[in-house]
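Descriptive structure summary
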Amino acid sequence: MLPKAEVEETLKRIQTHKGVIGTIVVNAEGIPIRTTLDNSTTVQYAGLLHQLTMKARSTVRDIDPQNDLTFLRIRSKKHEIMVAPDKEYLLIVIQNPSE
Amino acid sequence: GRPQHSKMYCHPNDIFPLTLTSATQELFGCRCDEDVTGDNPYKILRKEDIVQDMRMRAAVSDFSPVKQLVLDYPEDELLLVYDRDFIYGSSFYLVLTADAKERHLKPVVALGVEVALECEPLEVFAAQKTSEPQPWISLGSEQEIEEESVTDSRPRYRISRVRREFGAPIFFSDRNAMETKDGFLECTPYQDKNFSLKQMERHTGVQTIPNLKSSSTQTQWTYPRSMCTQYEPREFSEEEKENCLQSEHLKNLVNSVASRFEIAIQQNEIMDVFFDDWKALSEEDSGYGRKADPHLKEYQSFTDLHFSKEKTISNINWHPTINGVIAVAVTERLSFEDRINGSTKLLLNPSLILFWSFSDPINPQLLLECPDDVFSFEFCPSDPNIIVGGCMNGQVLTPSLSLFLSISLLTEKPTCGVVDIYSFSLFHSDKVSRMGVPMENRNGICVQIVTCAPDCCVMFWDIRAPRVLQTMADQRKQKVEEKPLENPHGVPNTFKHLDLTWKPLIRVQHISYCKTQLQLVLSTTFCPQDGELVYTDWKLEKDNDSGRLFSAKPSHRFIIHDGQVNTVRRSPFFKDIILTVGGWTFAIWKEGVMNGPIIQSSCSQKKCTVGYWSQSRPAVFFIGKEDGNIDVWDLLEKTHEPSQTQNITATQITCIKPWIVSSKQHLLAVSDHLGTLHILEIPWTLRSPSSNEKLSMSKYFEKEVDRLVYFEKRREMRAKEKKDSEAEELRKKMVRYSI
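Below is a summary of the structure that appears in this document. No experiment lies behind these values; they were computed from the predicted model shown.

Conventions we followed
Residues numbered from 1 in each chain as written. Chains lettered and ligands numbered in written order. Predicted model: local features only at pLDDT ≥ 70, side-chain atom pairs only at ≥ 80, totals over all residues. Heavy atoms only, no water. Helix = DSSP H or I, 4+ residues; strand = E, 2+ residues; numbered from the N terminus. Buried < 20%, exposed > 50% of the residue type's maximum accessible area, 1.4 Å probe, protein only. Areas by Shrake-Rupley, 256 points an atom, 1.4 Å probe, with all protein chains shown as cover. Pairing = 2+ DSSP bridges. Axes fitted to C-alpha atoms, helices over the stretch in contact; angles between N-to-C directions. Contact = heavy atoms within 4.5 Å. Salt bridge = Lys/Arg side-chain N within 4 Å of Asp/Glu carboxyl O. Polar contact = N/O pair within 3.5 Å; in protein donor to acceptor, adjacent residues only side chain to side chain. Nonpolar A, V, L, I, M, F, W, Y, C, P; charged D, E, K, R; others polar. Patch = residues over 30% accessible without salt bridge, like charges linked within 9 Å, V, L, I, M, F, W, Y side chains within 5 Å. Lys, Arg positive; Asp, Glu negative; His and termini not counted. Charge placed at Lys NZ, Arg CZ, Asp CG, Glu CD.

With that out of the way, let us pick up the overall build of chain A. A count of helical and extended segments in chain A gives two helices and five strands. In chain A, the succession of α and β elements from N to C terminus is α-β-β-α-β-β-β. Within chain A, the fraction of its 99 residues that count as buried is 46%. For chain A, the accessible surface area stands at approximately 5,300 Å², while carbon and sulfur atoms represent 53% of it.

Printed below as a string of structure tokens:
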């Protein structure tokens, strides 16, 4: 199988979970690569979460340089935003938990 | 004076008081008042005699207490003194020392006995010739006496009067001490410095913080220049995206983090850990006391003696933009035959649409005169100055209310303006019984109206100004016709070129009468008179043969209500839930479920005349009855009977329309058969939705749909079973016969 298809399949699997509103793949500079939401929302999420992830990662590494950020979950009143950071990419999933 | 002790308090050391019995007195020759007297109390006794007496009589001897002293006495003779006054407590006393004896004998004789006895015991043997009274030493007793005694503490005030006023009554009065300067003396409090403490020591904690420094700068803006930046987010092109998606790195990443995501998502699916059950228990916005009253309260009532006497109200509409204005269409309360019979009289009575305002409950604000009774009218949603009305004689009217002056005066002074209506030629052969709300086109401007009439026609009209190219002749003709239509009231001629030029867009023939509400979306339902419900789609289809557009046949037909269906209403919260009211029952339908109504009520005692959904609560709707009652149904509370019934008027209710004025005030306009318009206030319990009400209602509807589907399935199954069993029996019979 092509790597892309695998990626696609995995992302689709995540997307079809109950309550998941959208999935976004963003590159290291905050440019969206793949998304299930509309363009303006994607761009907004990508820019904001990219900065936040950088800040979170620097916080973790400041406290302990041997440590690194693995997963970021932001819980708001309406949604939960999950971010998996990486050196080159960022995976973002938005879920509505109370549905 | 000195206190007198009755008893001797002490005797000097050199004498000893003795009591001698008469026997002893005889023996020693010191009988009281015979041998020794007050004048001559001294008796010399020989020591030997005393000793012998003591030997002889031992313990009984009177001298036994002084035995040792007597034995120690140096001389031979002791002095016994007769103590006639019992000064020392006994009748005699024995002098124990020689010196004392000398003193007694010698000075006493010179001084006298009484004087010696009156002295203080310490000074008894003082060598004074005469004793003078000693100075009195105060021991504090006189103070006690002084305290107890009553004396004047201040000089006595003497008030005297003139002689003529002696014996006359005296009148005292009060005087305020504050009046004169020296009327009173006061001691004002002051803070004495002696008592204020200064804290010299204190325990505090100290914490160091990093150095803080705040500073600011101001930039100099020498040349104001407008500048702006426009930006857009960076985006990848499709190929770049493809490249990224193909990369190995992404694949690895996705594979590694996918499980993490799934765990997190599943966690959320299982339970929402941040949900606060305690907070969610309470219902928000609970007013004190106001919650208790669930009844519709009468807010105002409008009836006009002049114009709505003997009439009934056929339709009510709230003005969409102006608050507090409601329009009613009054029609004659006559049946068709009576109308025909009395048609001449009716012509004289103009038919009206009345506009009421809350500011004036007595006089209607505006009267619209119509050529005939208006059975139904609607405000145009995009332009509330336009009303479309359907009349008794089949006319469709749009009076233009762009008399802005007249409308604005509704809030200030009442005016009764009568506006001429532009009327149009008859297109319906019978009365227009119901108007549809004008539909909107893409620009949000209403351009279409729907009418239906008992002549089995439903027509769609386009009210846009026709852009038809007209020939010169037509134009001229139109101009000629325009002149008589010049309005006397200065109404702008918005629709003048629509006169007589309206053509219906679609014309649909149906088999039976249409008399009731239309609710328009692209597909709609309408209900003919005898309780039938017809469901159809208004999309135009092109007939391949003739090339003409026609509308599809009705897809479904239901007979549910046992009387004329008078209400078909969509729920404002659910796009596919429809309430229909007719006869003695009402039913709730879901679009898409074609088996039947998902909820059907039981027959009520009285006919249901009208129904309407509540605007703020998804589970509540109002049903009006023919005895003037309003049933309030709350499907989440009770589904077999109304949650409350309230009597509004004595006659049949003809129309119900709710309206939301503000979040605190919801009004319900109810009109009755007598021509009175009642405005009721909806209480808090009926207007404020409980949390999750919409969700509960949608779940309830789903349950009902499931129930219908289930029953349908069961019915089919039973039918199949029955068929099978019949076939089986038939086969058995045949087998039997064939044998």
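Glancing now at the sheet that holds strand β32 (residues 653-660) of chain B. Residues and elements named next belong to chain B. A sheet is described by the order of its strands in space; here four strands give the open sequence β5-β34-β33-β32, paired in antiparallel fashion. At either margin of the open sheet sits one strand with a lone partner, and together these are β5 (297-302) and β32. Sheet twist, expressed as the mean angle between neighbouring strand axes with direction ignored, is 20°. Sheet analysis places β32 next to strand β33 (residues 666-672), joined by seven bridges and oriented antiparallel. Among the inter-strand pairings, Lys657 is bridged to a residue of β33, identified as Ala669.

Where a strand is regular, its side chains alternate between the two sheet faces. Residues and elements named next belong to chain A. Where strand β3 (residues 72-75) lies against strand β4 (residues 80-85), four bridges are found, and the strand directions are antiparallel. Along β4, the bridge assignment pairs Arg75 with Glu80. Where β3 hands over to β4, the hairpin turn is made up of four residues, counted between the paired strands.

Between chain A and chain B, the residue contacts involve 35 residues of the former and 30 residues of the latter. Run the count over chain A and chain B and you get three salt bridges. The tally of links from chain A across to chain B stands at 15 residue pairs in polar contact (both at pLDDT 80 or more). Of all elements in the fold, only α1 (3-15), β1 (20-27), β2 (32-35), α2 (39-63), β3, β4 and β5 (89-95) of chain A reach the threshold of two or more residues within the side of chain A that touches chain B. For the side of chain A that touches chain B, the element with the most residues is α1(A), which contributes seven residues. By residue class, the composition of the side of chain A that touches chain B is 17 nonpolar, seven polar and 11 charged.

Taken together, the side chains of B:Glu144, B:Glu146, B:Glu147 and B:Glu148 define an acidic patch exposed on the protein surface. Owing to a relative accessible area of 57%, B:Glu146 belongs among the exposed residues under this scheme.

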